[in-house]
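Residues per chain are reported as follows:
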Amino acid sequence: MATEDRMQRYEGHVERRRIVPSALRAPFEGRTWREFWYVMLSLPVSIIFFTFAVTTVSLSAGLLITFVGVPVLAAALAGCRAFGALERSRARLLLDLDVDSPEPLRPRSNGLMSWIGAVLKSGSSWRHLLYSLLHFPWAVTSFTVVLTAWLMGWSLLLYPLWRWMFPTYWDQPGIMIYGDGKDTELFLDTPFEMAATSVAGLATVLVTAWLIRGFAYVDRIMVSGLLGPSKLAERVVELESDRGIVVDTAAADLRRIERDLHDGAQARLVALAMDLGLAKEKLLEDPDAAAAMVDEAHGEVKIALQELRDLARGIHPAVLTDRGLDAALSSVASRCTVPVSVDVDLDSRPAAAIEGIAYFTVSELLQNVSKHSRARKATVEVWRSENRLMIQVGDDGQGGADVTAGSGLAGLAERLDSVDGVLAVDSPAGGPTTVTAELPWRG
């Protein structure tokens, strides 16, 4: 019962959010208030940040004529990196912006000079210094504009609630909007004027809320662009992760091949050798029995050859090398348990490695169709879009495939990601299922 009540309250909350336009909700949303406090805190933080950076860098510049200026500059940059960690934490807490830490310093040894050299050569250190210099004027501007507009908007919006303070403490009927020091004075004191003031205040509050979001958006750009890892460092981390996936995949494939050889063709060949040995012994004593054993061994040879062909096809099919994806995928489709139509529209062949990945991607997807989909038919489409190889496998089965559920699709997505590929799955419950794979061409 409690769960149903919570669901009803949640649905009511969602419905209210749909009724009230986002432009009217903005001043009262938690996001706006968090961004407001981020902008307010930016000024004192940036003052400390800017003062530290300018003071230490100026000191180091003055001491560069001596050796002391170099370690002072390194200490200044290291301090900027420490302030950058504070800024990333503040952005994570108030802006919901999760920025990774920049690449760590990698001194060649444990000595002080090695550390100083690593700090000075790090591009991230200089980006932190640049942030400290640029953020101060931006923080002053955003603080002044936002605080002025925010206080003015809420003051005008709530004017009917605090107008009583004017006659009580200042001996005037309301806010003076004009006065010439003689006889002409205009005050906001009538009900209509107070209502108009509240309407103007509401408009100011609404505009200020989106103004806050605009300032916060610029802050997000500055934090992520200057205080996070460089694009090159992100690419290195990505390549290291992809290399690990490739190594793990290759090791798993080798183990699979070894297991298939040991449990399949190798065991069958051992049994075949034993049978031929027995047939050789019986050749003179019982030729008919020996002939029967040889005939049986002949059948075992055919099975072993078929297993070896299947194993070789699992490593890299000869038809793919000789005739390309069209013939290879048609061969895979013919072994599927449901009818599959194949449409390959390629005017040339991609790189051999990409071609192999495309082949095994379709092969694994069609195996999923055979095992899990309960489909009546399936389709395979392959085409080129600029410098990308596009693959789409669809079926009319029961659906429900999910790449995040730890299934074989997750491993397939990791394989594609290791070569800058993408796997997208559209499989609502009840079907149909469409899996789209995108690979670099690299022809």
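Residues numbered from 1 in each chain as written. Predicted model: local features only at pLDDT ≥ 70, side-chain atom pairs only at ≥ 80, totals over all residues. Heavy atoms only, no water.

Let's talk about the overall build of the protein
Worth spelling out the cut-off: Strands here mean DSSP runs of E at least two residues long; helices mean DSSP runs of H or I at least four residues long; both are numbered from the N terminus. We call two residues in contact when some of their heavy atoms are within 4.5 Å. Residue exposure ignores everything except the shown protein chains as possible cover, and the areas themselves are Shrake-Rupley values with a 1.4 Å probe.
Each helix and strand in the protein was counted, giving 15 helices and seven strands. If you take every contact in the protein between residues at least 6 apart in sequence, the share linking residues at least 24 apart comes to 69%. If you sum the accessible surface of the protein, you get close to 25800 Å²; carbon and sulfur atoms cover 62% of it.

Some details on the pattern of salt bridges
Note the following rule: Criterion for a salt bridge: a side-chain nitrogen of Lys or Arg within 4 Å of a carboxyl oxygen of Asp or Glu. Exposed residues in this analysis have more than 50% of their type's maximum accessible area, buried residues have under 20%, and partly exposed residues fall in between, with area computed by a 1.4 Å probe over protein chains only.
In the structure shown here, the tally under the stated rule is nine salt bridges. Taking the shortest distance from any N to any O, the salt bridge between Arg31 and Glu35 comes out at 3.0 Å. Here Arg31 and its partner Glu35 are both found in helix α3 (residues 30–63), four residues apart, which amounts to about one turn of the helix. Classification of Glu35 as buried rests on a relative accessible area of 0%. For the salt bridge of Asp98 with Arg92, the shortest nitrogen-to-oxygen distance reads 3.1 Å. Residue Asp98 is classed as exposed on the basis of its relative accessible area of 57%. Connected through shared salt-bridge partners, Arg31, Glu35 and Arg220 make up one network.

What about the sheet that holds strand β6 (residues 422–426)?
Quick note on the threshold: One bridge is not enough; two strands pair if DSSP finds at least two bridges between them. Axis lines are fitted through C-alpha atoms, for helices just across the contact stretch, and the angle between N-to-C directions can take any value from 0 to 180 degrees.
Ordered in space as β3-β4-β5-β7-β6, the five strands form an open sheet in which the pairing is mixed. In the strand order of this sheet, the two ends are held by β3 (340–345) and β6, each with one partner. Pairwise comparison of adjacent strand axes, ignoring direction, gives a mean angle of 10° for this sheet. This element, helix α14 (residues 352–373), spans β3, β4 (378–385), β5 (388–395) and β7 (433–440) of the sheet and lies at about 10° to β5.

Points about the packing of α3 against helix α6 (residues 123–157)
Here is the rule we go by: When the near helix sits turned anticlockwise from the far one by under a right angle, the crossing is termed left-handed; a clockwise turn instead gives a right-handed crossing. Three residue categories are used. Nonpolar comprises Ala, Val, Leu, Ile, Met, Phe, Trp, Tyr, Cys and Pro, charged comprises Asp, Glu, Lys and Arg, and polar comprises the others, including Gly.
In contact at an axis separation of 7 Å, α3 and α6 are set at 145° when each is read in the N-to-C sense. You can see that α3 and α6 cross each other, and the crossing is left-handed. Grouping the constituent residues of the contact of α3 with α6 by class yields 23 nonpolar, seven polar and no charged.

A few points about the packing of helix α13 (residues 325–334) against α14
Heads up, the rule is: We call two directions roughly parallel when the angle between them is under 35 degrees, roughly antiparallel when it is over 145, roughly perpendicular when it lies between 65 and 115, and oblique otherwise.
Look at α13 against α14: their axes get within 10 Å of each other, and the N-to-C directions meet at 20°. Judged by the angle between their axes, α13 and α14 are roughly parallel. Of the two possible hands of crossing, α13 and α14 adopt the one that is right-handed. Touching Leu325, Ala328, Leu329, Val332 and Ala333 of α13 are Glu355, Ala358, Tyr359, Val362, Ser363 and Leu366, all from α14. Tallied by class, residues from the contact of α13 with α14 come to nine nonpolar, one polar and one charged.

Section: a negative patch on the surface
For clarity, the cut-off: By definition, no residue in a patch forms a salt bridge, and every one has over 30% relative accessible area; like charges are joined within 9 Å, nonpolar side chains (Val, Leu, Ile, Met, Phe, Trp, Tyr) within 5 Å. Positive charges are assigned to Lys and Arg, negative charges to Asp and Glu, while His and the chain termini are left out of the count. In plain terms, the charge of a residue is placed at NZ if it is Lys, CZ if Arg, CG if Asp and CD if Glu.
A cluster of like negative charges, contributed by Asp326, Asp343, Asp345, Asp347 and Glu381, occupies part of the molecular surface. Note on placement: Asp347 falls in the loop between β3 and α14.

Concerning α14
Put simply, the rule reads: Helix span, as expected, comes to 1.5 Å for every residue beyond the first.
Here α14 is 22 residues long and its end C-alpha atoms lie 30 Å apart, about the 32 Å a rise of 1.5 Å per residue gives. Those residues of α14 that fall on the buried side of the exposure criterion are Ile354, Glu355, Gly356, Ala358, Tyr359, Thr361, Val362, Ser363, Leu365, Leu366, Val369 and Ser373. At the exit of α14 stands Arg374, carrying a positive phi of roughly 55°.

Remarks on the pairing of β3
The test is simple: Handedness of a crossover: with both strands directed away from the viewer, a clockwise path from the first strand across the helix to the second marks it as right-handed.
Pairing between β3 and β4: six bridges, direction parallel. Note that in β4 the partner of Asp343 across the bridge is Glu381. Handedness of the crossover joining β3 and β4 through α14: left-handed.

Regarding the confidence of the model for the protein
Cut-off, in case you're wondering: The predictor's confidence in any single residue is recorded as pLDDT, a number from 0 to 100.
Averaged over all residues, the pLDDT of the protein equals 77, while 72% of them reach at least 70. Within the protein, no element has a lower average pLDDT than helix α1 (residues 2–19), which sits at 49, and none a higher one than α3, at 90.

What to know about the pairing of β5
Burial analysis of β5 places seven of its eight residues in the buried class, which makes it a mostly covered element. Here β4 pairs with β5 via eight bridges, running antiparallel. From the neighbouring strand, Arg384 faces β5, where its bridge partner is Leu389. Counting the residues in the hairpin turn of β4 and β5 gives two residues, including Glu386, whose phi is positive at 55°. Sheet topology note: the β5/β7 ladder contains eight bridges and is antiparallel. Each residue of the ladder has a partner; that of Gly394, found in β7, is Thr434.

Quick look at the side chain of Glu355
This is how the line gets drawn: Any pair of nitrogen or oxygen atoms within 3.5 Å is treated as a polar contact; in protein, a donor-acceptor pairing is required on top of that, and neighbouring residues in sequence qualify only through side-chain atoms on both sides.
By the element assignment, Glu355 lies in helix α14. Here Glu355 falls in the buried class, since its relative accessible area comes to 5%. Side-chain polar atoms of Glu355 contact the side chain of Arg349, separated by 2.8 Å. In contact with Glu355, not counting residues within four places along its chain, are Leu320, Gly324, Leu325, Arg349 and Pro350.

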